[in-house]
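Results of the structural survey
Okay, here's what each chain looks like letter by letter:
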Amino acid sequence: MATPSLKIDRARYVITVDGGRRIIRDGAILIEGGRIREVGKAADLAGRAADRVIDARHMVVTPGFVNGHMHISYGHVVRGIFPDDAGSPLVHVFNMQTAMTEDEEYHSTLLGLIELLKSGTVCFVDPGSTKYPDACLQAYTDAGIRVILGECVTDREAPFTLPRHPTAEAVKRSAAFIDKWHGRLDGRIRAWAMPFSPETCSAELLQGLKRVVDERGTMLTLHHGSGPQALADYRKRHDTTPTEYLDTIGVLGRNVCLAHSLGVEAAEIACMARTGATVAMCPVTAAKGARGVGAYGRMPELLAAGVPVALGCDSPNNSNHLDIVRAMNMAAIQYKDARQDMRLVPAEAALEMGTRTGATALGVGDDLGSIEVGKKADLVLFDTQRPEWQALFNPLNNLVYNADGRSVHTVIVDGRVVVDAYRQSFADEGTLFEKVQEIGERLLARTGMSFPRSRWPVV
Ligand SMILES: [Zn+2]
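Residues numbered from 1 in each chain as written. Predicted model: local features only at pLDDT ≥ 70, side-chain atom pairs only at ≥ 80, totals over all residues. Heavy atoms only, no water.

**Brief notes about the pairing of strand E14 (residues 278–281)**
Here E14 shows no split at all, with Thr-278 and Ala-280 on one side and Val-279 and Met-281 on the other all buried. In the sheet, strand E13 (residues 256–259) pairs with E14 via 3 bridges, with the strands oriented parallel. Across the sheet, the residue bridging to Cys-257 is Thr-278, located in E14. With helix H8 (residues 266–275) bridging E13 and the parallel E14, this β-α-β connection has right-handed handedness. Pairing geometry for E14 and strand E15 (residues 309–311), over 3 bridges, is parallel. From the neighbouring strand, Met-281 faces E15, where its bridge partner is Leu-311. (Buried < 20%, exposed > 50% of the residue type's maximum accessible area, 1.4 Å probe, protein only. Helix = DSSP H or I, 4+ residues; strand = E, 2+ residues; numbered from the N terminus. Pairing = 2+ DSSP bridges. Right-handed = clockwise from strand over helix to strand, strands pointing away.)

Following this line, the structure appears as structure tokens:
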């Protein structure tokens, strides 16, 4: 069945993030066959009819957001359990992930998708967390979101419970995963190779996976070893930096997206720029995890070098939220403070990372990331009839500095309205929230994990 045509009419502002970065006042967008057919002033599109017309007089329209590093699955059902003084939760997190059943993962995934869509994310990378994609397929189908999936593989000892296979088998599994999943749901599912990290994977495995994605025209992402400890380790073991190590073994390129990338040196940034490698940074995880953005964050330098940077929210127990607007806010403010320079990572750059530049980083820039004729109709409509949007002179500053994902009113993916006036219609939220709480309690009991409900007495 063909997607009905849609017209966004009389928008207060359309922030196109197009080549000229036009912001159209009193704008309109005509969508046909899931793609943007026309963009312009409402007056110029006055004669165009559509099956449905959305009155956007009080809306600011942006491209749909992309999230470049978003573990969904286990985290949602136990979100918020780790007190601030518990240290790194990773060991617990991976134990719980290992213990999850298909049915539990389906429900926690559904919750994650609802939260992502309702705050404007239309496409996200799940870096290998999902163990049961077959069980989650129904959730992806119903939600209408774009998902980039992969099987997490390693072939070396790791400090947490990670799936480990002999090298050749890990390569074979990843290739089979991509062949099975890439392009499904009318292209809304993409599949990448997802080795956990260069520390948990041999050079042979990484090289094998790079060949797999080169041959299939898809991508590879991995957790990028960085920071002073990683630098010291790599110097000792490989006589080079973590990024240059990947380059030396031939595992960098336009189809490689490095996750986190805090603490990279100038030579590493040059190496990324030269090879075309991209980055997904998680600014809220970095801040909440006390990773030292001031000392080690290099987002301004990466952007200046032309390295495509996407933003990520990491996981429900790292940043804790799944809201890319809040991630844009953190990206735009944390470097200003850390280096005492207000000019760093302006609001415009933050929005670019959430849209156009982020889409490039994830290899979906031809279809997503801007409101331009011919691109996929993936759009977010923000409701400006809310206190945080007042007064409205500079819509971009208001978006990045005043608002968050809660003012997302309507979300469109592939020309289909998936969030309509704050509501999604693919899941009953009340029932799901109860179910997720239940799963969380069960999972904690099953894994024998227990944390105080608060550091204050709960009476
Ligand atoms: Zn991760």
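**Some words on the coordination of the zinc ion**
Around the zinc ion, the protein contributes the donor atoms His-69 (NE2), His-71 (NE2) and His-223 (NE2), which lie 1.9 to 2.0 Å from the metal centre. Mapped onto the polypeptide sequence, the residues donating to the zinc ion form the spacing pattern H-x1-H-x151-H. The burial state of His-69 is the same as that of His-71; both residues are buried. (Donors = N, O, S within 2.8 Å, 3.2 Å for Na, K, Ca; no water.)

**Thoughts on the side chain of Asp-383**
By the element assignment, Asp-383 lies in strand E16 (residues 379–383). Despite being buried, Asp-383 has no salt bridge partner; Arg-386 is the closest side chain of opposite charge, sitting 5.3 Å away. One polar contact links Asp-383 to Tyr-422, side chain to side chain, over a distance of 2.6 Å. In contact with Asp-383, other than residues within four places in its own chain, are His-58, Met-59, Trp-389, Ser-407, His-409 and Tyr-422. (Lys, Arg positive; Asp, Glu negative; His and termini not counted. Salt bridge = Lys/Arg side-chain N within 4 Å of Asp/Glu carboxyl O. Polar contact = N/O pair within 3.5 Å; in protein donor to acceptor, adjacent residues only side chain to side chain. Contact = heavy atoms within 4.5 Å.)

**Quick look at the packing of helix H12 (residues 324–339) against helix H13 (residues 347–354)**
Look at H12 against H13: their axes get within 9 Å of each other, and the N-to-C directions meet at 140°. Here H12 is positioned oblique relative to H13, judged by the angle of their axes. Of the two possible hands of crossing, H12 and H13 adopt the one that is right-handed. Residues Met-328, Ala-331 and Ala-332 of H12 form the contact with H13, whose participating residues are Ala-350, Leu-351, Met-353 and Gly-354. Residues belonging to the contact of H12 with H13 are distributed by class as follows: 6 nonpolar, 1 polar and no charged. (Axes fitted to C-alpha atoms, helices over the stretch in contact; angles between N-to-C directions. Parallel < 35°, antiparallel > 145°, perpendicular 65-115°, else oblique. Left-handed = near helix turned anticlockwise from the far one by under 90°. Nonpolar A, V, L, I, M, F, W, Y, C, P; charged D, E, K, R; others polar.)

It is worth stressing that arrangement in space is one thing and function is another; only the former is reported here.
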